Amino acid sequence: MAEFWKPGSEKPRILEDEEGGVLFFSSPYSSSSSGFGYSSIEKQRQRLPVFKYRTAILYLVENHATTIVVGETGSGKTTQIPQYLKEAGWAEGGRVIACTQPRRLAVQSVASRVAEEMGVKLGEEVGYTIRFENLTNPGVTMIKFLTDGVLLREMMDDPLLTKYSVIMVDEAHERSLSTDILLGLLKKIQRRRPELRLIISSATIEAKSMSSFFSSSRKRQQDTGEDCVPRTLPAILSVEGRGFNVQIHYLEEPAPDYLQAAVSTVLAIHDEEPIGDILVFLTGQDDIDAAAQLLTENAQNRGRHSSGLIVLPLYSGLSRADQDLVFSPTPKGKRKVVLSTNIAETSLTLEGVVYVVDSGFSKQRFYNPISDIESLVVAPISKASARQRAGRAGRVRPGKCYRLYTEEYFVKEMAAEGIPEMQRSNLVSCVIQLKALGVDNILGFDWLASPAPEAMIRALEVLYSLGILDDDAKLTSPTGFQVAEIPLDPMISKMILSANALGCSEEIITIAAILSIQSIWVSGRGAQKELDEVKLRFAVAEGDHVTYLNVYKGFLHSGKSSQWCHKNFINYHAMKKVVEIREQLRKLAQRLGLAIKSCEGDTQVVRKAVTAGFFTHACRLEAFSQGGMYKTIRSSQEVYIHPSSILFRVNPKWVIYYSLISTDRHYMRNVIAIDPSWLLEAAPNFYQQQKPNQAAHGLI
Ligand code: CDP
Ligand code: MG
């Protein structure tokens, strides 16, 4: 059982006999920053619900190895708790307070907010690290925001994470793959570092199951009364929210098209409801851009009536300038409509939202270990998510939430909770990370939620075929260790390593950088035809990867010109990012001792390198009907080339895809044409493992 402590019921005793600066109850005005506008920020900070619990939080963190903080979104957990810890001295003596987030955009956004509140320059006392971007100053940075994935990576160099005094694992209710792995490993670290403090915080956590995870299989420690030994039983603190009432509206009949329904709901709100911003939950960049397009067109057609509507998208990969627009205050007399993925569900707070439109869907990763297919699927959200989304409407005053589904559906069909990512993901990355951290018995790892054994077996099989694990399921040297060191999908890493041997690493790191970006094309915006025509300027029959090489070359040739991008429907910000990431990969490749060589236009070796990493994604054309039906070699699953691919309608006999997205069918995105003999070359044992009839089916 966890220990509960109710703030307000009784003051923690340690307040009275505070000694040796263990707890440092400074007035909130004594923090390090000063200057113009300071007091108004300070007042804002004190108005946040979490402020009332400042003393309690510090007390619990001092006395418990693990503290679980549950509180509504917007109550101040992420931005305030790290500051309280700093004010209380947890960052003294060169120690660092870490706060993890599952999402990159959230890391950047909260870090810059906290730097602003503290009146410091981002990257100094307050910094952040996300993959390929490190804005910290070692020795100066006291509060560091980072993704859970980056913290996992840091363990490779520093397995006990010794520089951190407190690690706050935020948004734990999201149960991202990295969060789950991290929690399992942190539990191990705690045993070796009793002085380390963990804070697990989230909006809707099932606090008790998290708490029992952290109290289980430990030696019960007697409370000796010594101050320096924290209690091992986790404490749970619930921060009362201050949300206003939110009126829920349902559809009478299910909507055939949620996008259309979302757009007309927004227009209806704009026509009929008093001023206040609208937050619309959609699933991804594609439907957000489509909805933005529809709203803008509608506003134009309706003339003055719909003026005053400012339409803004919000998804990861947005440029900093676009992010800033979303967070800046709405001009007087205007109404903001933010079209967002579920990033605004709990990780980010938008001020001024009074109306929420909930499509009932989000894009989720699903993995089926039997078919070995992982894809992104637009899938129904859970009741817990729906409640979170509705809550976003009650931040500033009573609000309204329009659910684009029926009440009956909500009550009877929606699942109560989402499934942790651990149980719906391909585990290849997870296994390799644990192996690299010396966790050999992966099935016996202390999981918060156990992954399916089939998924684990599949992952081991793939890693073995990739030459990353040996017969004893240990990392191979050097390949396995090198792959573990590259902060990318192991298949991408293997592709980079193979390119070294094939003499095309210049090309392959460009491809790797581009694949790590959602899309380099400017999306639709009603100009699909022009976009398709423009793509043909770069297109080559070998497929998307090789086409990207042409785009990259053209971009460099133009002197990295934004005009050139605009003319060619290419996303300038995405290309700038590609250049940055590419540079990081080049440095990394050099560190690994790889030679950076160009194959000078020999696209065959480039495709061979891709095959060496992605042979598990090989497919063969089965029928020209329905626009070209392919089957995966591995499990005979029907797949189709996505319309965004250069090879859509080209339909080469043999292809390899980078990722799948599933709607009515499984669609392959980023596709390359290959020769089947390369598969045997790349992974003889993988294809030998096929049953005889499958082998005949696939490769003969
Ligand atoms: O983590 P939690 O959801 O509990 O709250 P938070 O992210 O710490 O946000 C607390 C408050 O800070 C919000 O209500 C916002 O008013 C403000 N905030 C902001 O203005 N800009 C940001 N980028 C982040 C937070
Ligand atoms: Mg937060």
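Residues numbered from 1 in each chain as written. Chains lettered and ligands numbered in written order. Predicted model: local features only at pLDDT ≥ 70, side-chain atom pairs only at ≥ 80, totals over all residues. Heavy atoms only, no water.

## Focus: the side chain of glutamine 190
And then number 1: Inspection of the secondary structure puts glutamine 190 in helix H6 (residues 177-192).
And then number 2: Its relative accessible area of 5% is what places glutamine 190 among the buried residues.
And then number 3: Within polar-contact distance, the side chain of glutamine 190 engages the backbone oxygen of alanine 65 at 3.3 Å. (Helix = DSSP H or I, 4+ residues; strand = E, 2+ residues; numbered from the N terminus. Buried < 20%, exposed > 50% of the residue type's maximum accessible area, 1.4 Å probe, protein only. Polar contact = N/O pair within 3.5 Å; in protein donor to acceptor, adjacent residues only side chain to side chain.)

## Some remarks on the nonpolar core
And then number 1: Within the largest apolar cluster, 111 residues are counted, with the highest numbers of intra-cluster contacts made by Ile167, Leu427, Leu434, Ile508 and Ile520.
And then number 2: Counting residues per element, this core draws most heavily on helix H22 (residues 572-591), which supplies 8 residues.
And then number 3: Residues from two domains meet in this core; each of domain 1 (14-239) and domain 3 (486-681) gives at least three.
And then number 4: With sequence-adjacent residues up to four places away left out, isoleucine 520 is seen in contact with Ile514, Tyr548, Val551, Phe569, Ile570, Asn571, Ala574, Met575 and Val578.
And then number 5: Within the second largest apolar cluster, 43 residues are counted, among which are Leu105, Ile288, Tyr315 and Ala393. (Core = buried A, V, L, I, M, F, W, Y, C linked by side-chain atoms within 4.5 Å. Domains from an automatic or database assignment. Contact = heavy atoms within 4.5 Å.)

## Observations regarding the packing of aromatic side chains
The geometry of two aromatic rings is summed up by the distance between their centres and the angle between their planes.
And then number 1: Per the counting criterion, the structure on display carries 12 aromatic pairs.
And then number 2: Between the aromatic rings of tyrosine 250 and tyrosine 405, the centroid separation amounts to 6.5 Å while the plane-to-plane angle is 65°, which identifies the pairing as edge-to-face. Here the residue tyrosine 250 occupies a position in strand E10 (residues 246-251), and tyrosine 405 occupies one in strand E17 (residues 399-406), the gap between them amounting to 155 residues.
And then number 3: We classify tyrosine 250 as partly exposed; its relative accessible area is 23%.
And then number 4: Ring geometry for phenylalanine 555 versus tyrosine 572: centroids 6.4 Å apart, planes at 65°, classification edge-to-face. One end of the pair, phenylalanine 555, is in helix H20 (residues 544-557); the other, tyrosine 572, is in helix H22, with 17 residues separating them in the sequence.
And then number 5: Since its relative accessible area comes to 0%, phenylalanine 555 is described here as buried.
And then number 6: One aromatic cluster is present, formed by Trp521, Phe538, Phe555, Trp564 and Tyr572 through successive ring pairs.
And then number 7: Here the basic side chain of arginine 665 rests over the ring of tyrosine 640, its NZ or CZ set 3.9 Å away from the ring centre. (Phe/Tyr/Trp six-rings, centres within 6.5 Å; stacked < 30°, edge-to-face > 60°. Lys NZ or Arg CZ within 6 Å of the ring centre and 35° of its normal.)

## Let's talk about the pattern of salt bridges
And then number 1: The full count for this structure, using the stated rule, is 30 salt bridges.
And then number 2: The salt bridge partner of glutamate 117 is arginine 113, with a shortest N-O separation of 2.9 Å. Here the residue glutamate 117 and the residue arginine 113 both occupy positions in helix H4 (residues 104-118), the gap between them amounting to 4 residues, near one helical turn.
And then number 3: Judged by relative accessible area, arginine 113 falls into the partly exposed class, the value being 31%.
And then number 4: Linked by salt bridges that have partners in common, Glu42, Arg45, Arg54, Glu87, Arg113 and Glu117 make up one network. (Salt bridge = Lys/Arg side-chain N within 4 Å of Asp/Glu carboxyl O.)

## Let's talk about the layout of surface pockets
And then number 1: Roughly 1,000 Å³ of internal volume is contained in the second largest pocket.
And then number 2: If you trace the second largest pocket, you find 41 residues lining it, with Arg113, Phe327, Thr349, Glu351 and Arg395 closest to the centre.
And then number 3: At the level of elements, helix H1 (38-47), helix H3 (77-87), H4 and helix H10 (320-327) are the ones that each hand at least two residues to the lining of the second largest pocket.
And then number 4: Here the residues of the lining of the second largest pocket are counted per class, giving 8 nonpolar, 19 polar and 14 charged.
And then number 5: Each of two domains, domain 1 (14-239) and domain 2 (246-422), supplies a minimum of three residues to the lining of the second largest pocket. (1 Å grid on protein atoms, 1.4 Å probe; cavity = no way out; pocket = protein on both sides within 12 Å on 5 of 7 lines; lining within 4 Å. Points joined across faces, edges and corners; volume = space filled by probe spheres on them. Nonpolar A, V, L, I, M, F, W, Y, C, P; charged D, E, K, R; others polar.)

## Here's the deal with the packing of helix H5 (residues 148-157) against H6
And then number 1: Put simply, H5 and H6 touch, their axes get as near as 9 Å, and they point 40° apart. By the criterion of interaxial angle, the relationship of H5 to H6 is oblique. In the packing of H5 onto H6, the handedness of the crossing is left-handed. For the pair formed by H5 and H6, the contact residues are Asp148, Gly149, Leu151, Leu152 and Met155 on the first element and Ser178, Thr179, Ile181, Leu182, Leu185 and Ile189 on the second.
And then number 2: Its residues assigned to classes, the contact of H5 with H6 comprises 7 nonpolar, 3 polar and 1 charged. (Axes fitted to C-alpha atoms, helices over the stretch in contact; angles between N-to-C directions. Parallel < 35°, antiparallel > 145°, perpendicular 65-115°, else oblique. Left-handed = near helix turned anticlockwise from the far one by under 90°.)

## Focus on the sheet that holds E10
And then number 1: Ordered in space as E10-E17-E14-E11-E13-E12, the 6 strands form an open sheet in which the pairing is parallel. Taken across any chain shown, the strands that pair with only one partner, and hence form the sheet edges, are E10 and strand E12 (309-314). Strand-to-strand, the axes of this sheet are offset by a mean angle of 15°, without reference to chain direction.
And then number 2: Direction of pairing for strand E14 (residues 353-358) relative to E17: parallel, over a ladder of 4 bridges. Bridged to tyrosine 355 within E17 is lysine 400.
And then number 3: Of the strands in this sheet, strand E11 (277-281), E12, strand E13 (335-340), E14 and E17 are in contact with helix H8 (residues 258-272), which crosses E17 at around 150°.
And then number 4: The strands touched by helix H9 (residues 285-301) are E12 and E13; relative to E13, the strand with the most contacts, the crossing angle is about 150°. (Pairing = 2+ DSSP bridges.)

## What about the pairing of strand E2 (residues 66-71)?
And then number 1: The element E2 is extensively covered by neighbouring structure, given that 6 of its 6 residues are classed as buried.
And then number 2: As paired strands, E2 and strand E8 (residues 197-202) are joined by 5 bridges and run parallel to one another. Bridged to threonine 67 within E8 is isoleucine 199.
And then number 3: In this structure, E2 lies alongside strand E9 (residues 235-239), joined through 5 bridges in parallel fashion. What sits directly across from threonine 67, in E9, is alanine 235.

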